[in-house]
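# Report on the structure
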Amino acid sequence: MSYTSWHTYGYGVCLSRLECDSMERMQKLLELAPEYYKSVQNWLKEQHIEKPDVDDILESDQEYHLGLVTVLQNVILEAENIRFTACDDYNSETYLVYEPSYPWDISEKEQNLTEETLCRILAKYISILTDEVFEVDYCSVENGG
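Computed from a prediction, not measured in an experiment: that's the story for all the values here.

Attention shifts here to the sheet that holds strand β2 (residues 85-88). An order of β2-β3-β1-β4 is seen for the four strands of this open sheet, with the pairing classed as antiparallel. Single-partner strands in this sheet number two, and they are β2 and β4 (137-144). Strand-to-strand twist across the sheet, computed as the mean angle between neighbouring axes with direction ignored, equals 50°. Inspection of the sheet shows strand β1 (residues 5-14) paired to β4 by eight bridges, in the antiparallel sense. In the strand pairing of β4, threonine 8 is matched with valine 141. Each of β2 and β3 (94-98) is contacted by helix α4 (residues 68-80), which is oriented at about 25° to β3, the strand it contacts most. Helix α6 (residues 115-129) contacts β1 and β3 of the sheet and is inclined by roughly 85° relative to β1.

This is how it looks when you write it as structure tokens:
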């Protein structure tokens, strides 16, 4: 038997307390990423879900099961062309983290990012789902399995 651990670090936010029970808010968020929204709708059709609620949308993440964090990751990627990492730690706390990368692996847009820009982007998309404010800071996320 083997055990593998991993460490995700960068600038981001812990979103374990993030809750969204409003389908109207979720819809508003998804509409900002039409291609991702279409893939979610296709998954819902495959599952024969005609009137989805927020929990149904969150279930569309069948790979990592990180819920709202995965939805935010995908919406921001499509809408802003900025890749955040959705991850969780040993305690099942969920995070959305912008990881450092090699200059040749990032887009021109990302090369010009600032701390303030990342904060503004995260606040913009999180505020669609909730009125609660989340602190954006350096994150060091460890997990394993």
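A cluster of acidic residues, Glu115, Glu116, Glu135 and Asp137, forms a negative patch on the protein surface. With respect to the secondary-structure elements, glutamate 135 resides in the loop between α6 and β4.

Moving on to the nonpolar core. Residues Leu15, Met26, Val71, Leu72, Phe84 and Leu96 are the most contacted members of the largest nonpolar core, which totals 40 residues. When residues of this core are traced back to their parent elements, those giving at least two are β1, α1 (23-30), α2 (34-46), α3 (54-59), α4, β3 and α6. Not counting the four nearest positions on each side in its chain, leucine 15 is found in contact with Val69, Leu72, Thr94, Tyr95, Leu96, Ile126 and Phe134.

What counts as what
Residues numbered from 1 in each chain as written. Predicted model: local features only at pLDDT ≥ 70, side-chain atom pairs only at ≥ 80, totals over all residues. Heavy atoms only, no water. Pairing = 2+ DSSP bridges. Helix = DSSP H or I, 4+ residues; strand = E, 2+ residues; numbered from the N terminus. Axes fitted to C-alpha atoms, helices over the stretch in contact; angles between N-to-C directions. Contact = heavy atoms within 4.5 Å. Patch = residues over 30% accessible without salt bridge, like charges linked within 9 Å, V, L, I, M, F, W, Y side chains within 5 Å. Areas by Shrake-Rupley, 256 points an atom, 1.4 Å probe, with all protein chains shown as cover. Salt bridge = Lys/Arg side-chain N within 4 Å of Asp/Glu carboxyl O. Lys, Arg positive; Asp, Glu negative; His and termini not counted. Charge placed at Lys NZ, Arg CZ, Asp CG, Glu CD. Core = buried A, V, L, I, M, F, W, Y, C linked by side-chain atoms within 4.5 Å. Buried < 20%, exposed > 50% of the residue type's maximum accessible area, 1.4 Å probe, protein only.

These results come straight from atomic positions and should not be treated as a statement about function.
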